[in-house]
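Architecture and fold: a report
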Amino acid sequence: MSEKIILLVEDNPDDEVLTLRAFERHGLANEIVVVRDGAEALDYLFATGPYAQREPSPPTLILLDLKLPKIDGLQVLKKLREDARTRSLPVVILTSSREEQDLVESYWLGANSYVRKPVDFDHFVEAARQLGLYWLVLNEPSPRSAS
Amino acid sequence: MTFVQDITEALPTEQAGRLHEARYRKLIEMSAHGVWRARADGHLTYCNQRWLDYIGLDMGALEGNGVSQSEARLRLVLDSMAQKIFTANAQGEVDYFNPQWSEFTGLPFDIIRDWGWTQFIHPDDVETNMQRWQTAIDSGQPFLLEQRCRRADGAYRWHLSRALPIRNDGGQIIIWVGANTDIDDQKRAEGLLRESEHRVRLIVDTSLDAIVTMSEDGSITGWNPQAEATFGWKHDEAMHRNLDELIIPEVHREAHRRGLQHFLETRIGPALNHRLDLTALHKKGGEFPIELTISPLMLGEKYEFSACVRDVTQRKRWQEEIETLNETLEQRVTDRTTQLQLVNRELEAFAYSVSHDLHAPLRAIDGFSRSLALDYADKLDARGTADLERVRNAAQRMGQLIDDLLALSRLARSEMRLAPVDLASLARDAVAECQAAEPSRVVELHIAPGLQDMADARLTRVALENPIGNAWKFTSKQPDARIEIGVEPHAGGTAFYVRDNGCGFDMAYADKLFGAFQRLHSRAEFDGTGIGLATVQRIVHRHGGHIWAHAAVDQGATFYFTLSPVDEAQATHV
């Protein structure tokens, strides 16, 4: 529990950079791991494939985009919630979608939060600050996920 | 006197006492009845005075002076006949009417004798009668005539009159004997029958259905004009022909014969008295659909069968057309629905992709511009900084446009849930939001009570927020801004309105109000994407309502809308 890792699942390089910068402005950038599609996210989390050698320490927070190559965000979320090892990991949906259907499904599958990426960068930075503050500082993680 | 009684049997026998006989004879002499006695050969052996008075003879005449025994015998017979009998001499003068005449006419013999009888003959028949009678007298040929005779009560009744001459050994006519029979009842019945037959004939002849009758042996006994038209065979061609050979298609013939045979044997005919759908043959050989009813008629000892036949070719054709149309209609509806569902799915996919993909580059544009401005502020002059600010504004504005467009497209797809909606409360919420965004503004607000309708609450909220937001916006330069939300009668229903005293607009541009991206003000004057009223219009249309506006430049604007269909004919608006 020495390091609080944020796993950012994001396929858009611009969004990746912007998200990193937004967190960077709050001194959180060094704790972000980026994976670029749903399959890689699952490999990382379950230490499989390219991440087979990784010591399986779970991230403190997962920022999950919905529209992803290979396996989409909702599928990733579903798999995480089906597995005891990842069931209680905090997952924040960070997406462009404002479709009600996505919102409903995300919560139904067990998302902890749903944040729409604002166009205005200042708002985005503010959102990143609040997310970091809440999930990395204020929130007490479930004992099991922190093991 | 109407009573003649043969008492031969009742008379005492020769063995009866003389005293008895004398007393008895006296009684008979005095009887009010005519009494006579005759031998088996018809020879008269006795009659009383009453009888002599009645037949107009005296005993002497009866016994040989002038009137022969045979004549007396004849009269005796004639008198007792039920028919009205008369006799006339060779000259045609009637010298005898039997009592039935007086009984019928109410006239005594003296009045009607000789030529007096003409008075009880119907005036229209007298001349014919006289002529015929004269002709008969002159020619010695029998007399025969139907004529009307007047009864005692004045009613004329038809009689059949016949008279035959009786000749002596020399061939001379010595007497005419005539008999009249009352045939009035018979004639009346015949008349009624004729009338009834005529009526039935008219019905059959003018029927628009073919009416065909058939005897037990299967031959045609009736063929009305419509049957000629329906089957092509003339009446004379069809009569007495075998019905099944003439009009029944070969495939049905055996069933027809069996059915007929079965009915004649058992009196059971399941096909009788029902409407049947069959086919028939035309003279030209074509087979056509018919609707048919067969009824058995008992005529005397035998059956006849009447068939009512209607050619239903045209009706079948129409029916088939309707069925085909219905089928294709259903197919068309299915096709359209499928197409619509496809379009809807495409639209949803499109909206999703717009929502997700178009935002990303905008975020990049805005984010990196901001990054640039922050990180390289020292390397940018004022113009560079301002340009970056414009880039960011443009990106954010495009983001807003995309959001508004998505909201508009979502309205078309979302499900409608109709329930009573309190528009006044929605209006207050909308104004409160505007007020929260600009707390310093003072706007006079009037919301009418009882703003209620059946509508989708979520959509109605949007439909109110837009015009109220507009009213708020367009009164911003008005020192004593006023917004009024109310309802007024419209075309048999009610129209809600949002009225302001803001800058208004020129009605010449009213047709652009409700188009997406259409704006009547520059962005320098008033901000906005130009999608708001298009959204409201879509909401109103989804409720079956209308939206319209009245305005003038610098004199405020009023937006009206209805949330239910109104009578188009009554609706007059821009």
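See the structure shown above.
First things first, this report covers the structure right here in the doc. (Residues numbered from 1 in each chain as written. Chains lettered and ligands numbered in written order. Predicted model: local features only at pLDDT ≥ 70, side-chain atom pairs only at ≥ 80, totals over all residues. Heavy atoms only, no water.)

The phi dihedral of Lys-70 of chain A falls on the positive side, at around 65°, and the residue is not glycine. Judged by relative accessible area, Lys-70 of chain A falls into the exposed class, the value being 71%. For His-240 of chain B, which is not glycine, the phi dihedral falls at a positive 70°. With respect to the helices and strands, the residue His-240 of chain B is situated in the loop between helix H10 (235-238) and helix H11 (243-247). Classification of His-240 of chain B as exposed rests on a relative accessible area of 63%. (Buried < 20%, exposed > 50% of the residue type's maximum accessible area, 1.4 Å probe, protein only. Helix = DSSP H or I, 4+ residues; strand = E, 2+ residues; numbered from the N terminus.)

Residue and element names in this part refer to chain B. Taken together, Glu-320, Glu-321, Glu-323, Glu-327 and Glu-330 make up a surface patch of like negative charges. On the secondary structure map, Glu-323 appears in helix H13 (residues 313-375). Given a relative accessible area of 45%, Glu-323 falls into the partly exposed group. (Patch = residues over 30% accessible without salt bridge, like charges linked within 9 Å, V, L, I, M, F, W, Y side chains within 5 Å. Areas by Shrake-Rupley, 256 points an atom, 1.4 Å probe, with all protein chains shown as cover. Salt bridge = Lys/Arg side-chain N within 4 Å of Asp/Glu carboxyl O. Lys, Arg positive; Asp, Glu negative; His and termini not counted. Charge placed at Lys NZ, Arg CZ, Asp CG, Glu CD.)

Residues and elements named next belong to chain A. Across the 5 residues of strand E4 (residues 91-95), 5 count as buried, placing the element largely inside the fold. Side-chain alternation along E4 places Val-91, Ile-93 and Thr-95 on one buried face and Val-92 and Leu-94 on a second face that is also buried. Examined bridge by bridge, E4 and strand E5 (residues 113-116) share 4 bridges and lie parallel to one another. Each bridged residue has a counterpart across the sheet, and for Ile-93 the counterpart in E5 is Tyr-114. (Pairing = 2+ DSSP bridges.)

Let us look at helix H2 (residues 38-46) of chain A. Helical geometry note: an α-helix holds 3.6 residues per turn, so side chains three or four residues apart project in the same direction. Residues and elements named next belong to chain A. Among the residues making up H2, those that are buried are Gly-38, Ala-41, Leu-42, Tyr-44, Leu-45 and Phe-46. Turning to H2, the residues buried within the fold contact strand E1 (6-9), strand E2 (32-35), strand E3 (61-64) and helix H3 (73-82). Backbone geometry just downstream of H2 places Ala-47 in the positive-phi region, at approximately 50°. (Contact = heavy atoms within 4.5 Å.)

For the rest of this paragraph, the subject is helix H7 (residues 123-139) of chain B. Residue and element names in this part refer to chain B. Here H7 spans 25 Å end to end across 17 residues, near enough to the 24 Å set by a 1.5 Å rise per residue. By the burial criterion, the buried members of H7 are Asp-125, Asn-129, Trp-133, Ala-136 and Ile-137. Along the axis of H7, the buried positions cluster into a sector of 95°, meaning they face one direction only. Among the exposed residues of H7, those oriented more than 90 degrees off its buried face are Asp-124, Glu-127 and Asp-138. Those residues of H7 that are buried are in contact with strand E4 (84-88), strand E6 (143-150), strand E7 (156-167) and strand E8 (173-182). Immediately downstream of H7, the backbone of Gly-140 shows phi near 75°, a positive value. (Expected span 1.5 Å × (residues − 1). Arc of directions from axis to C-beta.)

Counting from both sides, the interface comprises 23 residues of chain B and, opposite them, 23 residues of chain A. Both faces combined, the contact of chain B with chain A buries some 2,100 Å², and carbon together with sulfur accounts for 49% of it. When the buried surface of chain B facing chain A is broken down by residue, Tyr-352, His-356 and Arg-363 of chain B rank first, second and third, together holding 34% of it. Where chain B touches chain A, the interface holds 6 salt bridges. The residue Asp-120 of chain A makes a salt bridge to Arg-392 of chain B at a minimum N-O spacing of 2.9 Å. Our count for the contact surface shared by chain B and chain A stands at 11 residue pairs in polar contact (both at pLDDT 80 or more). (Buried area = accessible area lost by both parts, 1.4 Å probe. Polar contact = N/O pair within 3.5 Å; in protein donor to acceptor, adjacent residues only side chain to side chain.)

Quick look at the packing of aromatic side chains now. Residues and elements named next belong to chain B. Taken as a whole and judged by the stated rule, the model has 20 aromatic pairs over all chains. With a centroid separation of 5.4 Å and an interplanar angle of 40°, the aromatic rings of Trp-223 and Phe-231 are classed as tilted. Ring geometry for Phe-231 against Phe-288: centres 6.1 Å apart, planes inclined by 50°, an arrangement best described as tilted. Of this pair, Phe-231 sits in helix H9 (residues 225-231) while Phe-288 sits in strand E12 (residues 287-299), placing them 57 residues apart in sequence. Using a relative accessible area of 0% as the deciding quantity, one classes Phe-231 as buried. Its guanidinium or amino end placed over the ring of Phe-104, Lys-84 lies 4.3 Å from that ring's centre, counting from NZ or CZ. (Phe/Tyr/Trp six-rings, centres within 6.5 Å; stacked < 30°, edge-to-face > 60°. Lys NZ or Arg CZ within 6 Å of the ring centre and 35° of its normal.)

All names here are of chain A. Following both chains from N to C, one finds helix H1 (residues 13-24) and helix H5 (residues 121-138) inclined at 60°, their axes separated by 8 Å at the closest point. Here H1 lies oblique to H5, going by the angle between them. Seen from above, H1 lies across H5 with right-handed handedness. Residues Leu-18, Thr-19, Arg-21, Ala-22 and Phe-23 of H1 form the contact with H5, whose participating residues are Phe-121, Phe-124, Val-125, Ala-128 and Gly-132. Its residues assigned to classes, the contact of H1 with H5 comprises 7 nonpolar, 2 polar and 1 charged. (Axes fitted to C-alpha atoms, helices over the stretch in contact; angles between N-to-C directions. Parallel < 35°, antiparallel > 145°, perpendicular 65-115°, else oblique. Left-handed = near helix turned anticlockwise from the far one by under 90°. Nonpolar A, V, L, I, M, F, W, Y, C, P; charged D, E, K, R; others polar.)

Residues and elements named next belong to chain B. Tallying each qualifying case throughout the model produces 1 cavity of 30 Å³ or more. Around the largest cavity, the lining comprises 13 residues; the ones closest to its centre are Phe-86, Trp-117, Asn-129, Gln-147 and Asn-180. Broken down by secondary-structure element, the contributors of at least two residues to the lining of the largest cavity are strand E5 (94-97), H7 and E6. Tallied by class, residues from the lining of the largest cavity come to 9 nonpolar, 4 polar and no charged. (1 Å grid on protein atoms, 1.4 Å probe; cavity = no way out; pocket = protein on both sides within 12 Å on 5 of 7 lines; lining within 4 Å. Points joined across faces, edges and corners; volume = space filled by probe spheres on them.)

Turning to the sheet that holds strand E9 (residues 210-215) of chain B, a few remarks are in order. Residues and elements named next belong to chain B. Overall, antiparallel pairing links the 5 strands, which are arranged E10-E9-E13-E12-E11 in an open sheet. Each edge of the sheet is formed by a strand with only one pairing partner; in this case those strands are strand E10 (220-223) and strand E11 (275-281). Ignoring strand direction, the axes of neighbouring strands in this sheet form an average angle of 35°. In this sheet, strand E13 (residues 302-311) lies alongside E9 in antiparallel orientation, the contact comprising 6 bridges. When the sheet's bridge partners are listed, Val-212 is paired in E13 with Ala-307. Where H13 meets the sheet, its contacts fall on E11, E12 and E13, and the angle it forms with E12 comes to roughly 130°.

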